[in-house]
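# Working through the structure, step by step
Spelled out, the chains give:
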Amino acid sequence: MSEHFDVRGGARLVGEVDVVGAKNSVLKLMAAALLAEGTTTITNCPQILDVPLMGDVLRSVGCEVVIDGDTAKITTPAELSHRADSAAMGKLRASVCVLGPLVGRLKQAVVALPGGDAIGSRPLDMHQSGLRKLGATSTIEHGCVVAKADGLYGAQIWLDFPSVGATENILMAAVLAEGTTIIDNAAREPEIADICTMLTEMGAKIEGAGTSTLTVHGVEKLHPTEHRVIGDRIVGATWAFAASMTRGDLTVRGVNPHHLDLVLDKLRLAGAEVTTFDDKGFRVVQPERPKAVDWVTLPYPGFATDLQPFAVALSAVSEGTSMITENVYEARFRFIEEMIRLSGDARTDGHHAVVRGVDRLSSAPVWASDIRAGAGLVLAGLCADGVTEVWDVFHIDRGYPHFVENLNRLGARIDRVSGEPERS
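Calculation criteria
- Residues numbered from 1 in each chain as written.
- Predicted model: local features only at pLDDT ≥ 70, side-chain atom pairs only at ≥ 80, totals over all residues.
- Heavy atoms only, no water.
- UniProt positions renumbered as here; feature names shortened; annotations may be inferred.
- Helix = DSSP H or I, 4+ residues; strand = E, 2+ residues; numbered from the N terminus.
- Rg over C-alpha atoms; globule rule 2.2 N^0.38 Å.
- Buried < 20%, exposed > 50% of the residue type's maximum accessible area, 1.4 Å probe, protein only.
- Contact = heavy atoms within 4.5 Å.
- Areas by Shrake-Rupley, 256 points an atom, 1.4 Å probe, with all protein chains shown as cover.
- Lys, Arg positive; Asp, Glu negative; His and termini not counted.
- Charge placed at Lys NZ, Arg CZ, Asp CG, Glu CD.
- Pairing = 2+ DSSP bridges.
- Expected span 1.5 Å × (residues − 1).
- Polar contact = N/O pair within 3.5 Å; in protein donor to acceptor, adjacent residues only side chain to side chain.
- Salt bridge = Lys/Arg side-chain N within 4 Å of Asp/Glu carboxyl O.
- Phe/Tyr/Trp six-rings, centres within 6.5 Å; stacked < 30°, edge-to-face > 60°.
- Right-handed = clockwise from strand over helix to strand, strands pointing away.
- Axes fitted to C-alpha atoms, helices over the stretch in contact; angles between N-to-C directions.
- Parallel < 35°, antiparallel > 145°, perpendicular 65-115°, else oblique.
- Left-handed = near helix turned anticlockwise from the far one by under 90°.
- Nonpolar A, V, L, I, M, F, W, Y, C, P; charged D, E, K, R; others polar.

Within an unreviewed UniProt entry, the label attached to the chain reads UDP-N-acetylglucosamine 1-carboxyvinyltransferase, and the organism entered is Amycolatopsis samaneae. Reading the Function (unreviewed entry) entry of the UniProt record for the chain gives the comment "Cell wall formation. Adds enolpyruvyl to UDP-N-acetylglucosamine."

What follows is about the overall build of the chain. Counting secondary structure elements, the chain contains 13 helices and 26 strands. Over its C-alpha atoms the chain spans a radius of gyration of 21 Å, differing by no more than 12% from the 22 Å that the globule rule assigns to 424 residues. Taking the principal axes of the C-alpha coordinates as reference, the chain spans close to 65 × 40 × 40 Å. The buried share among the 424 residues of the chain stands at 56%. Within the chain, counting contacts between residues at least 6 apart in sequence, those at least 24 apart form 73% of the total. Total accessible area on the chain is roughly 16,100 Å²; 47% of this is exposed by carbon and sulfur atoms. Looking at charge distribution, the chain has the averaged site of its 40 positive side-chain charges lying 1 Å from that of its 54 negative ones.

In this sheet, strand 21 (residues 352-356) lies alongside strand 20 (residues 345-349) in antiparallel orientation, the contact comprising five bridges. Note that in strand 21 the partner of Asp349 across the bridge is His352. The turn joining strand 20 and strand 21, which pair antiparallel and follow one another in sequence, is formed by two residues; a positive phi near 65° is taken by Gly350.

Let us now look at helix 11 (residues 371-382). A rise of 1.5 Å per residue sets the reference length of helix 11, with its twelve residues, at 16 Å; its end C-alpha atoms lie 17 Å apart and thus fit the reference within 8%. Burial analysis of helix 11 places twelve of its twelve residues in the buried class, the great majority of the element. Within helix 11 the residues assigned to the buried category are Ile371, Arg372, Ala373, Gly374, Ala375, Gly376, Leu377, Val378, Leu379, Ala380, Gly381 and Leu382. Residue Asp370 occupies the N-cap position of helix 11, its side-chain oxygen lying 2.9 Å from the main-chain nitrogen of Arg372.

Another aspect to go through is the pattern of salt bridges. Overall, the coordinates contain 18 salt bridges when judged by the stated rule. Residue Glu288 pairs with Lys291 through a salt bridge whose shortest N-O separation is 3.4 Å. Among the charged side chains, a salt-bridge network with shared partners connects Glu3, Asp397 and Arg416.

What follows deals with the packing of aromatic side chains. Counted according to the given criterion, the structure contains five aromatic pairs. A ring pair is formed by Phe241 and Phe310, whose centres lie 6.0 Å apart and whose planes are at 25°; its orientation type is stacked. Placement of Phe241 in helix 7 (residues 233-245) and of Phe310 in helix 9 (residues 308-316) is noted, with a sequence separation of 69 residues between them. A single burial state applies to Phe241 and to Phe310, both of which are buried.

A word on the pairing of strand 7 (residues 108-112). Burial within strand 7 is extensive, with four of its five residues counted as buried. Here two bridges tie strand 6 (residues 83-84) to strand 7, and the two strands are oriented parallel to one another. Bridged to Arg83 within strand 7 is Val110. A crossover connection joins strand 6 to the parallel strand 7 through helix 3 (residues 99-106); in handedness this β-α-β unit is right-handed. Bridge count between strand 7 and strand 9 (residues 144-148): five bridges; the pairing is antiparallel. Counted as the bridge partner of Val110 is Val146 from strand 9.

Remark: helix 7 packs on helix 11, axes separated minimally by 10 Å, with the N-to-C direction vectors making an angle of 20°. One element, helix 7, and the other, helix 11, form an angle in the roughly parallel class. Crossing of helix 7 over helix 11 shows right-handed handedness. Residues Ile234, Val235, Thr238, Phe241, Ala242 and Met245 of helix 7 form the contact with helix 11, whose own contacting residues are Arg372, Leu379 and Ala380. When its residues are assigned to classes, the contact of helix 7 with helix 11 shows seven nonpolar, one polar and one charged.

This next bit is on the UniProt feature "binding site: UDP-N-acetyl-alpha-D-glucosamine" (unreviewed entry) in the chain. Taken from the UniProt record, the annotation "binding site: UDP-N-acetyl-alpha-D-glucosamine" (unreviewed entry) applies to Arg93, Asp306 and Val328. Inspection of the secondary structure puts Asp306 in the loop between strand 18 (295-296) and helix 9. Here Asp306 falls in the buried class, since its relative accessible area comes to 16%. Asp306 has contacts with Asn24, Ile234, Arg332 and Arg372, leaving out every residue within four places of it along the chain. One polar contact links Asp306 to Asn24, side chain to side chain, over a distance of 3.4 Å. Accessibility expressed as a relative area gives 24% for Val328, which makes it partly exposed. In this view, Val328 contacts Thr297, Leu298 and Thr305; residues no more than four positions away in its chain are not counted.

Another point: the side chain of Thr305. Along the chain, the position of Thr305 falls in the loop between strand 18 and helix 9. Ignoring any residue separated from it by four or fewer positions in sequence, one finds Thr305 in contact with Thr297, Glu326, Val328, Tyr329 and Arg332.

What follows concerns the sheet that holds strand 16 (residues 273-277). Overall, mixed pairing links the four strands, which are arranged 2-15-17-16 in an open sheet. The sheet is open, and its two borders are formed by strand 2 (14-18) and strand 16, each paired with just one other strand. Mean inter-strand twist for the sheet, computed between neighbouring axes without regard to direction, equals 10°. Docked against the sheet, helix 8 (residues 261-269) engages strand 16 and strand 17 (281-285), running at close to 155° with respect to strand 16.

Now the structure itself:
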């Protein structure tokens, strides 16, 4: 039976909300546990669907995984399977991050091509190229990435694009390679720094975390550790946009506001009053209708492509006209088709979208195509007349723990409803 959210418009969100661990970090940290025999404990895990799915992936190669609330304990045996081709692999994109640890530790891997959100092509060319530079062979066979090496050796690796996934896989393979690996044009996201921190706690030798150049001095062996996941900057930003769109007043805790400097500066330009609390959180107050601003997605520290749907949704209710440019994933603009159902005034041309703000959106049935699009449609529904039905909410559940409960506590009126859609 399908589920959807009934979102009643007219809410002004007010109050405090806590952000838990980052989805884009925890799944990679779980994969990193493959690098060391023994039990690794990861705390501050978000209670989202992707965490138990990644647990299934790790079980498929021989790990014991126990998830209890916000804690995951992963016991990695001395003898691991190199085949990660379980059904769970097809359900989340991050499952491909087991490739690097398996090649690093076992010198071979067969990893099913991953699934995940429908936001455009995300090829594995750079993942494979990096592994080849380290001394492995890598091919695509029967729907799997097949990699094998007699040994891994440090190398100079230049990434054509600062891919988060490629950086992670190459990094996790390189920590057990012989010699020194330098990854140039590496991704700089806070989640990369979080993985570097955990790997260092496990005994890895890594320099340059948070910069575009990572230097990895290979070690013979790693040991298990206990690590706390950083706060989810994408969820934190979602609440920031929610405050601005609903002309609300939200205090967000549990996330480093410096990971969101660009977002918060843009919201200030839109008319919001923003206060930050060291590395612990921030407050966004939107006293009147937001003003239109332009947005351009770029790799970190630029504006995250994951937040593009929220920029579109905010622009749709802002005063004036905004230009949104998408430079990372070409299919993100699918979200705009659903915003038009809600009477949004938006047009796309290649990598650009022009959005003319309206004072009030109009409710309609809409469909989520990915995690962030789903959350963006919920926020848009809060700014629409009537009741907006948001369908395919399983996407939202993959990225936002207790989303409905938090929204209702902050003043929204949202119900989770079971039933099949009547889609024309």
